[in-house]
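Structural overview for review
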Amino acid sequence: HPPHLHETGDSRIIPFDLSEQLGAEECGNISRTSPNLLASFIRIIIGDSIQTEAVATSQAFYVIRGDGTSTSMEHGSISWSTG
């Protein structure tokens, strides 16, 4: 995806969906970045919030820039920052 896609605009989740290139019909047209992973860019504007949900066993995040806190009913609050 081009950088402007996650550098501008509203707070949102932008799936990095390569299912078409990977053969979408082979896995029931499920969005994915690799056979067993769906990566997404998440843009959060300062002062805004966004809810993430995964039908998966885990979620992983990498922060390009900024800092904040995520709250999970299961794990409590987790602070994060660039890197």
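Described in the following lines is the structure provided in the data block. Along each chain, the written sequence defines residue order, and numbers are assigned to residues from 1. The predicted origin of the model limits local features to residues at a pLDDT of at least 70 and limits the giving and counting of side-chain atom pairs to 80 or more, whereas totals for whole chains, interfaces and linings rest on all residues. Computation of side-chain values: all heavy atoms of the structure, hydrogens and water removed.

1. Some words on the pairing of strand 4 (residues 76–81)
Strand pairing requires that DSSP identify at least two bridges connecting the strands. A helix here means a DSSP run of H or I that spans at least four residues, while a strand means a run of E at least two residues long, and both kinds are numbered starting from the N terminus. Two strands pair when backbone bridges link them, and strand 3 (residues 67–72) and strand 4 are joined in this way by six bridges, in the antiparallel orientation. Each bridged residue has a counterpart across the sheet, and for D67 the counterpart in strand 4 is S81. Between strand 3 and the antiparallel strand that follows it, strand 4, lie three residues.

2. Considerations on a nonpolar patch on the surface
A surface patch of nonpolar side chains, about 340 Å² in accessible area, is lined by I13, I42, I44 and F61. Mapped onto the secondary structure, I42 falls in strand 2 (residues 40–43). Here I42 falls in the partly exposed class, since its relative accessible area comes to 30%. Only residues whose relative accessible area exceeds 30% and that form no salt bridge enter a patch; like-charged residues are grouped when within 9 Å of one another, and nonpolar side chains (Val, Leu, Ile, Met, Phe, Trp, Tyr) when within 5 Å. Here the open area of atoms and residues is found with the Shrake-Rupley method and a 1.4 Å probe, where only the protein chains shown may cover a residue. Any Lys or Arg side-chain nitrogen located within 4 Å of an Asp or Glu carboxyl oxygen qualifies as a salt bridge. Exposed residues in this analysis have more than 50% of their type's maximum accessible area, buried residues have under 20%, and partly exposed residues fall in between, with area computed by a 1.4 Å probe over protein chains only.

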